[in-house]
Amino acid sequence: MAYIVQYIKDFSDKEKVCAACRKYTGLAYKVKVFTHRENTCDLAVDNVTFEYTDNPMEQAVLSAHQLYAEKCQFYMERGGIYSVDPLLYPQAEKIKEMDYDEALEFSVNGYNDISDTVIHTAKRNSTRLEILSFDDDELTTIKEVAGVSEKIIQSITKDSDLAVVTLTEIPDKKGTTYRIFKALSDEKMYIDSIMLPAANQHQQDISFCINASDRQRVEQILLANQSQLQFKDIIVKSNVAKVSVMGAAFQTQSGIAAKLLEVLYESDINVMSIFTSEIKISVILERSHADWAIHEIHKKLVR
């Protein structure tokens, strides 16, 4: 007897989790349902008592694991995950398949409604996810190893709520970078996308991204510790955006960064910084250029 666990969010934002039994009874599938309520999951299925969490989406994934379900389905208002935000970019295309790592990057950097905690839980338990809507047959499947996409880039995201901090002429000594980020960490400052080039004449600059709202506080912390941290100047750029492109194919295909930079060059867009991971390339641009960059990247490398 194979189960499918379903998370359903209706248009009134009421959430429920149900388990559907896929045992065919002759005329229809026999269904057992349990619902997610405050502080309880009110029905055990086949003597399985479900581990409770106050996050209905995570509840669905945990319950699927406990039932050894073949998959966990999320029914969402717009269903599926798109190459770019469909509310902002009409050229958005629904992605058919993603692996867990792609989905994690997208949940952290993208617009979709599925949190990284839910994706982490699914990955840890190897639970196959399907993102659907009630009025569209197309869906996005998230699983361990997705099929190789013919597209160079699967998805694009934009983050405009950031600033880039550069500290200049830092001594190339052991422990210098540790002290910089320890000072910021002690004050609960969020840091993203650190870039540290090779030292030149025993000195180096370091750049990193912060939340735009933290700019003043970060400057205060660094200046208060300037004598210990031994940097010369602070340069902060606020009118910027981070555009990130993602795809599992990055791990096997060469030349993707060159293609991305070619598109930006042909679009007369200057790149301030570049940050990479195994399945993601992020570029820092002037904020006014970000939407045009996404349009051109999508047109030339996604479609």
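Residues numbered from 1 in each chain as written. Predicted model: local features only at pLDDT ≥ 70, side-chain atom pairs only at ≥ 80, totals over all residues. Heavy atoms only, no water.

## Details of the confidence of the model for the protein chain
Part 1 of the argument: Looking at the protein chain, the pLDDT average stands at 80 and 80% of residues meet or exceed 70.
Part 2 of the argument: Strand β4 (residues 40-41) is the least confidently modelled element of the protein chain, averaging 44 in pLDDT, while helix α5 (residues 215-224) averages 95, the highest of any element.
Part 3 of the argument: Between residues 22-34, whose pLDDT stays under 50, and residues either more than four places distant or in other chains, the model counts 31 contacts.
Part 4 of the argument: Ignoring residues within four places in sequence, the model shows residues 36-44, a span with pLDDT below 50, making 26 contacts including any to other chains. (pLDDT = per-residue confidence, 0-100. Helix = DSSP H or I, 4+ residues; strand = E, 2+ residues; numbered from the N terminus. Contact = heavy atoms within 4.5 Å.)

## Description of the side chain of E130
Part 1 of the argument: Tracing the backbone through its elements, the reader meets E130 in strand β7 (residues 129-133).
Part 2 of the argument: Here the side chain of E130 touches K71 through a polar contact of 3.3 Å, side chain to side chain.
Part 3 of the argument: Apart from the residues lying within four places of it in its own chain, the contact partners of E130 are K71, C72, Q73, F74, L139, T140 and T141. (Polar contact = N/O pair within 3.5 Å; in protein donor to acceptor, adjacent residues only side chain to side chain.)

## Section: the sheet that holds strand β12 (residues 203-211)
Part 1 of the argument: Across the sheet, four strands lie side by side as β11-β12-β10-β13; this open sheet has antiparallel pairing. The sheet is open, and its two borders are formed by β11 (191-195) and β13 (234-237), each paired with just one other strand. Looking at each pair of strands side by side, their axes are set apart by 20° on average, direction ignored.
Part 2 of the argument: Here strand β10 (residues 162-171) runs beside β12; their pairing, made up of eight bridges, is antiparallel. Directly across from I170, in β12, lies its bridge partner Q204.
Part 3 of the argument: Each of β10, β12 and β13 touches α5; the most contacted strand, β13, lies at about 170° to it. (Pairing = 2+ DSSP bridges. Axes fitted to C-alpha atoms, helices over the stretch in contact; angles between N-to-C directions.)

## Things to note about helix α4 (residues 176-186)
Part 1 of the argument: Residues of α4 that are buried: T176, I180, F181, A183 and L184. All buried residues of α4 lie within an arc of 150° about the axis, which places them on one face of the element.
Part 2 of the argument: Looking at the packing, one finds that the buried side of α4 touches β10, β11, β12, α5 and α6 (226-229). (Buried < 20%, exposed > 50% of the residue type's maximum accessible area, 1.4 Å probe, protein only. Arc of directions from axis to C-beta.)

## So, the pairing of strand β14 (residues 240-246)
Within a regular beta strand, the side chains point alternately toward one face of the sheet and then the other, so they alternate between its two faces.
Part 1 of the argument: Judged by how many residues are buried, β14 sits mostly within the fold: seven of seven residues are covered.
Part 2 of the argument: Of the two faces of β14, both are covered, the one formed by V240, K242, S244 and M246 as well as the one formed by A241, V243 and V245.
Part 3 of the argument: Of the pairings in the sheet, the one linking strand β9 (residues 155-159) to β14 comprises five bridges and is antiparallel in character. Residue pairing across strands places K158 opposite V243, the latter belonging to β14.

## Quick word on the packing of aromatic side chains
Part 1 of the argument: All told, the structure shown has one aromatic pair when counted by the stated rule.
Part 2 of the argument: For the pair F181 and F208, a centre-to-centre distance of 5.2 Å together with 70° between the ring planes defines the contact as edge-to-face. Placement of F181 in helix α4 and of F208 in strand β12 is noted, with a sequence separation of 27 residues between them. Per residue, the accessibility class of F181 equals that of F208, and both read buried. (Phe/Tyr/Trp six-rings, centres within 6.5 Å; stacked < 30°, edge-to-face > 60°.)

## A word on the sheet that holds strand β15 (residues 273-276)
Two orientations exist for strands paired in a sheet by backbone hydrogen bonds: parallel and antiparallel.
Part 1 of the argument: Across the sheet, which stays open at both edges, the four strands sit in the order β9-β14-β16-β15 with antiparallel pairing between neighbours. Unpaired on one side and paired on the other, β9 and β15 mark the two borders of the sheet. Direction aside, the axes of adjacent strands within the sheet are offset by 20° on average.
Part 2 of the argument: Sheet strands in contact with helix α7 (residues 256-266) are β14, β15 and β16 (280-286), and its direction is about 20° off that of β16.
Part 3 of the argument: Sitting on the sheet, helix α8 (residues 290-302) touches β9, β14 and β16, and the angle it makes with β9 is about 175°.

## Examining the nonpolar core
Part 1 of the argument: Formed by 26 residues in total, the largest nonpolar core has its most connected members in C72, F74, L129 and I142.
Part 2 of the argument: Setting aside residues up to four positions removed in sequence, I142 forms contacts with I81, M98, D99, Y100, A103, I119, T127, R128, L129 and I131.
Part 3 of the argument: In this structure, F250, I256, L264 and V283 belong to the second largest nonpolar core, which totals 24 residues. (Core = buried A, V, L, I, M, F, W, Y, C linked by side-chain atoms within 4.5 Å.)

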